[in-house]
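Geometric and topological summary
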Amino acid sequence: MAIIGKIRQRTGLLLGTICVALVMFILMDYFQNKKGRGGESKSVGKIGGSSIDAQDFSQKVDDYVNRIKLINPNLPLNDETNSAIRDEVSE
């Protein structure tokens, strides 16, 4: 019972600490996402020696998938096929 009494005495401190941690977590996430939304690009890697943006890479993968579907509409697009497509686009 003594432990419960100590916890009750320090409830304000505990709630304050939790609130500060949550606010810091939310602000950290906000500022990290803000960097990606501005003029700064998020590079996912390099292709042919030049950096590529995540949106550009995704667009190239989508274009490649569409071309493959035109050639072979019956090709199953499973995880293995998608991985091979991403590898092909990145070369």
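Structural notes, computed from the coordinates. These figures come from a predicted structure and were not determined experimentally.

Let us now look at the side chain of Thr-81. Mapping Thr-81 onto the fold places it in helix 4 (residues 79-90). Classification of Thr-81 as buried rests on a relative accessible area of 18%. A distance of 2.8 Å separates the side chain of Thr-81 from the side chain of Asn-78, its partner in a polar contact. Not counting the four nearest positions on each side in its chain, Thr-81 is found in contact with Leu-75 and Pro-76.

Ile-52, Phe-57, Val-61, Val-65, Ile-68, Ile-85 and Val-89 form the largest nonpolar core, which has seven residues in total. Listing elements by their share of this core, those giving two or more residues are helix 3 (54-71) and helix 4.

Geometrically, a pair of aromatic rings is defined through the distance of the ring centres and the angle of the planes. Under the definition given, this model contains one aromatic pair. Each ring, one from Tyr-30 and one from Phe-31, has its centre 5.2 Å from the other, and the planes form 70 degrees; the classification is edge-to-face. According to the relative accessible area criterion, Tyr-30 is partly exposed, its value standing at 41%. By relative accessible area, which is 46% here, Phe-31 ends up partly exposed.

Rules used in this analysis
Residues numbered from 1 in each chain as written. Predicted model: local features only at pLDDT ≥ 70, side-chain atom pairs only at ≥ 80, totals over all residues. Heavy atoms only, no water. Helix = DSSP H or I, 4+ residues; strand = E, 2+ residues; numbered from the N terminus. Buried < 20%, exposed > 50% of the residue type's maximum accessible area, 1.4 Å probe, protein only. Polar contact = N/O pair within 3.5 Å; in protein donor to acceptor, adjacent residues only side chain to side chain. Contact = heavy atoms within 4.5 Å. Core = buried A, V, L, I, M, F, W, Y, C linked by side-chain atoms within 4.5 Å. Phe/Tyr/Trp six-rings, centres within 6.5 Å; stacked < 30°, edge-to-face > 60°.

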